[in-house]
Amino acid sequence: HAVSPAPISALLSAALLNSAFLMILKVFKITILASCDGYARIMLIVMGFISIFVAAVFIYHISNYKRLLAYSSIENMGILAIGTALGGLGTVAAFIHLIGHSLVKSAFFMTSGNILRIYGTKEIKSVNALMNRDKTTGFLWMASFLAISAFPPSVLFISEFMIIKTMIIKNNYVSAVIFLFLLTVILYGMGRAIINMCFGGENSEFKLQKLPLVMYIPQLILLLAAFLAGIYMPENITQMIVNSASGF
């Protein structure tokens, strides 16, 4: 994630991680058929919380913005594991989150490629005043951050809200509190870096570089899809998600 070109990082996050999680779901389905799903659910929820905790620790101290996004992917895979472990509405939420994360993180990584093109560095401290140097890239960077942080109307707000609701319905109040706390730490860690990059002090060492339009359009389409899905999701897609989650 940290060293590959931006489009490859987007593919790794949107396709490879989902393929790996599909294999986990296949094994989980076998444990359900073998009446061992209780053990599997405990393993999933424990590993999910460990993933989010590890992401929270590293995101808070990270200095490379592409690596920041990579640890965010670890966090979101943890959310998927927890949602799947909860079952019922939580599993539906996990599938929604899977789709939303693929859209948003792809946009995030491709925008990181724009930043690398402008500044020539992956170090957070070396990127500042992005909004002044390239307003479109700055807007996409902030919009991607808001979407991945589950700000309404991002579709990730729907999925994370459903997971927390499932925890409360199942009386897992402690899990809900820990879940919210870790997400808050991650939100603060990412927000501090993203906002400093967009609105930090001007550095005269770098000159404004105009990027071609094609380097903005894919992110705009992906983010638009992620935000629109949080407002309205077509019935056929909703039914497909429910049918997919019904076996877990």
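Starting afresh in each chain, residues are numbered from 1 along the sequence in its written order. The predicted origin of the model limits local features to residues at a pLDDT of at least 70 and limits the giving and counting of side-chain atom pairs to 80 or more, whereas totals for whole chains, interfaces and linings rest on all residues. Hydrogen atoms and water are omitted, and side-chain values are computed over all heavy atoms in the structure.

Draft legend 1. Expanded view of the side chain of Asp-134. Secondary structure counts use DSSP, requiring at least four H or I residues in a row for a helix and at least two E residues in a row for a strand, with both numbered from the N terminus. Its location among the elements puts Asp-134 in the loop between α5 (130-133) and α6 (135-148). Overall, Asp-134 belongs to the buried group, its relative accessible area being 7%. Nitrogen and oxygen atoms within 3.5 Å of one another constitute a polar contact, given that in protein one can donate a hydrogen and the other can accept it, and given that sequence-neighbouring residues count only through two side-chain atoms. In this structure the side chain of Asp-134 is engaged in a polar contact, spanning 3.1 Å, whose partner is the side chain of Thr-137. Only protein chains enter the accessibility calculation, which uses a 1.4 Å probe; a residue is then buried when its area is under 20% of its type maximum, exposed when over 50%, and partly exposed in between.

Draft legend 2. The arrangement of the confidence of the model for the protein in detail. You can read pLDDT as the predictor saying how much it trusts each residue, on a scale of 0 to 100. Residues with a pLDDT of 70 or more make up 97% of the protein, whose mean pLDDT is 91. α5 is the least confidently modelled element of the protein, averaging 89 in pLDDT, while helix α7 (residues 155-169) averages 96, the highest of any element.

Draft legend 3. Just the nonpolar core, in detail. Ile-82, Trp-141, Phe-179 and Met-190 are the most contacted members of the largest nonpolar core, which has 75 residues in total. With 14 residues, helix α4 (residues 89-119) is the largest single contributor of residues to this core. When sequence neighbours within four positions are dropped, the list of residues in contact with Trp-141 reads Tyr-65, Leu-69, Phe-108, Thr-111, Ser-112, Ile-115, Leu-130, Ile-194, Met-197 and Cys-198. Put simply, buried Ala, Val, Leu, Ile, Met, Phe, Trp, Tyr and Cys residues joined by side-chain atoms within 4.5 Å make one nonpolar core. Any two residues whose heavy atoms approach within 4.5 Å at even a single point are treated as in contact.

Draft legend 4. Structural context of the packing of helix α2 (residues 37-61) against helix α3 (residues 65-86). Axis definition: a line fit to C-alpha positions, over the contact stretch in the case of helices; interaxial angles, taken between N-to-C directions, run 0 to 180 degrees. Across the interface, α2 lies against α3 with an axial gap of 7 Å and an inter-helix angle of 155°. For the element pair α2 / α3, the angle class is roughly antiparallel. With respect to the hand of their crossing, α2 and α3 are arranged in left-handed fashion. Residues Arg-41, Leu-44, Ile-45, Gly-48, Phe-49, Ser-51, Ile-52, Ala-55, Phe-58 and Ile-59 of α2 form the contact with α3, whose own contacting residues are Leu-68, Tyr-71, Ser-72, Ile-74, Glu-75, Gly-78, Ile-79, Ala-81, Ile-82, Thr-84, Ala-85 and Leu-86. Looking at the contact of α2 with α3, its residues break down into 15 nonpolar, five polar and two charged. By the definition adopted for this analysis, an angle is roughly parallel if under 35 degrees, roughly antiparallel if over 145, roughly perpendicular if from 65 to 115, and oblique otherwise. With the far helix as reference, a near helix turned anticlockwise by less than a right angle produces a left-handed crossing, and one turned clockwise produces a right-handed crossing. Under the convention adopted here, Pro, Cys and the residues Ala, Val, Leu, Ile, Met, Phe, Trp and Tyr are nonpolar, Asp, Glu, Lys and Arg are charged, and Gly plus all remaining residues are polar.

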